[in-house]
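Residues per chain are reported as follows:
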Amino acid sequence: MKSLICAAVAVIGLAGGAYAGTAADQLGLDKADAAQFAAPAPRLEKEGPYLPSLKSIANADIVAGLKKARSLIFEWKESPAAPRFAIPWTYLNGNHCADRALVTYLGLATRDALPVLKNPLPQADADAYINSPAIEAAKIDLIAPMNAKQTLYFPNGKSKDYPIIWTHHIALVVNVDGQLMVADLAASDTPIRIKDWINMYYRQDDKTTCPNLNDEEYVALFNYETCLNNGWIPGPHGEVPVCTAPKLTCGYKFTDLSTLGFDPAVQGDGWGGLTYAVDVLGYNFSRDLIGLETDMGLKLDPVKEVSDLRSKLTLEYPSNWVRKY
């Protein structure tokens, strides 16, 4: 079975903007779960989980922004698939979750009604994204044993199942009316509560919670996942690493947008980093289009049909770290 790991090494960071609400409010926690988040995590408190400080935006504005982002057209004349194409949001087998998060931000951040992402990226466009984004955002990194089956439905009525075996999933976080919510266009056209977003990819139960991790907890879980992937099944005779299981099975952390390939707070160098990141986006998504066509023998309209692909994700439950393939 093909192993798909939607992974990125994340560093601690905070996006700029006004803080709104307590940590419990921002995370959308039930009252019973909110005791540990009774007060906002201090900005410089290394022991606590980090929360991004983002400007609050009305739900209607976020929904409109996500609709605009979904309609974003990529213009890259050197594309082997097409000079203009839509983003294959639902093609999870392409494994570009961090790329989808970045292109979602670019769709949200632009003030254009019908955004076109050009490659190479003009400096004026880069300046607009970096200096005065329409909507502020941060990144959320979910780390968990995510095992599922995706059924992708094609325009001609055909469908195909793909295994999804992830250790990380990355998306955007936005502040919706004072509460941090996830913007993941692979999953929903509207913002999702963090708990609900997690349960779309990894099922929590009474014994496995998925909290906002502090630095130490995240590193322990990250190291365990890395150890398992070096040998996956710890052997009894030292033939592969013996991996020390952390206390938690699942968790997430927030980081700023610089971990997506550019730093919105840095001008000049920020433009250079963003230009390079957009070039990578163009290559990855155009290769996804080629993969979709060769995989199913279909000739897709890269603008009209790609964004209309539908899918269903069926989780394998219970999901655990140590598996045999």
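This text follows the structure it describes.
The paragraphs below set out a description of the structure included in this document. Remember, predicted model here, so these are calculated numbers, not experimental data. (Residues numbered from 1 in each chain as written. Predicted model: local features only at pLDDT ≥ 70, side-chain atom pairs only at ≥ 80, totals over all residues. Heavy atoms only, no water.)

**Focus on the overall build of the protein chain**
Where we set the bar: Secondary structure elements are defined from DSSP: runs of H or I of at least 4 residues count as helices, runs of E of at least 2 residues count as strands, and each element is numbered from the N terminus. Note on classification: 1.4 Å probe, protein chains only; a residue is buried when its accessible area is under 20% of the maximum for its type, exposed when over 50%, partly exposed between these limits. Here, two residues are considered to be in contact whenever any of their heavy atoms come within 4.5 Å of each other. Residue-level accessible areas treat just the shown protein chains as cover; the underlying method is Shrake-Rupley with a 1.4 Å probe.
Looking only at helices and strands, the protein chain has seven helices and nine strands in total. Here the protein chain holds 325 residues, and 50% of them are scored as buried. Contacts spanning at least 24 positions in sequence make up 76% of the contacts within the protein chain whose residues lie at least 6 apart. A total of about 14,800 Å² of accessible surface is found on the protein chain, and carbon and sulfur atoms cover 53% of it.

**Some points on the environment of Ile 143**
By the element assignment, Ile 143 lies in strand 4 (residues 138-153). The spatial distance from the C-alpha of Ile 143 to the C-alpha of Glu 225 is 8.6 Å, given a sequence separation of 82 residues. Setting aside residues no more than four positions away along its own chain, Ile 143 makes contact with Thr 167, His 168, Leu 213, Tyr 218, Leu 221, Phe 222, Glu 225, Thr 249, Cys 250, Gly 251 and Trp 321.

**Some points on the pairing of strand 5 (residues 159-176)**
Note the following rule: Two strands form a pair only when DSSP identifies at least two bridges running between them.
The buried fraction of strand 5 amounts to 14 of the 18 residues, a majority that puts the element mostly inside the structure. Sheet topology places strand 4 next to strand 5; 14 bridges connect them, and they run antiparallel. Each bridged residue has a counterpart across the sheet, and for Asn 147 the counterpart in strand 5 is Ile 165. Counting the residues between successive antiparallel strands, the hairpin from strand 4 to strand 5 contains five residues, one of them, Gly 157, with a positive phi of roughly 95°.

**Here's the deal with unusual backbone geometry**
Pro 120 follows Asn 119 through a cis peptide bond whose omega is 10°. Relative to the assigned elements, Pro 120 resides in the loop between strand 3 (116-118) and helix 4 (123-131). One non-glycine residue with positive phi stands out, namely Asn 95, at about 75°. With respect to the helices and strands, Asn 95 occurs in the loop between strand 2 (84-86) and helix 3 (97-109). In this structure Asn 95 comes out as partly exposed when scored by relative accessible area, which is 22%. One non-glycine residue, Asp 177, lies in the positive phi region at around 55°. With respect to the helices and strands, Asp 177 occurs in the loop between strand 5 and strand 6 (179-183). On the basis of relative accessible area, Asp 177 is assigned to the exposed category, the value being 54%.

**Regarding the state of the cysteines**
Heads up, the condition is: For this text, the term disulfide refers to a pair of cysteine sulfurs within 2.5 Å.
What the rule picks out here adds up to two disulfides. Here Cys 210 pairs with Cys 250 through a disulfide, and the sulfurs are 1.9 Å apart. Around the S-S axis, the bridge from Cys 210 to Cys 250 shows a dihedral of about -65° and counts as left-handed. Within this pair, whereas Cys 210 is found in the loop between helix 5 (194-201) and helix 6 (215-231), its partner Cys 250 is found in the loop between helix 6 and strand 8 (251-255), the two being separated by 40 residues in sequence. Comparing Cys 210 with Cys 250, the two get one shared label, buried. Shown here is the disulfide that connects Cys 227 with Cys 243, its sulfur atoms set 2.2 Å apart. Judged by the torsion about the S-S bond (-85°), the Cys 227/Cys 243 disulfide is left-handed. Residue Cys 227 is located in helix 6, and its partner Cys 243 is located in the loop between helix 6 and strand 8; the two are separated by 16 residues in the primary sequence. With respect to class, Cys 227 is no different from Cys 243; both count as buried.

**Some details on the environment of Leu 315**
Within the fold, Leu 315 resides in strand 9 (residues 310-315). A relative accessible area of 13% places Leu 315 in the buried class. Taking the C-alpha atoms as reference, Leu 315 lies 9.3 Å from Asn 199; in sequence the two are 116 residues apart. Setting aside chain neighbours within four positions, we find Leu 315 in contact with Asn 147, Ala 148, Asn 199, Met 200, Tyr 201, Tyr 202 and Arg 203.

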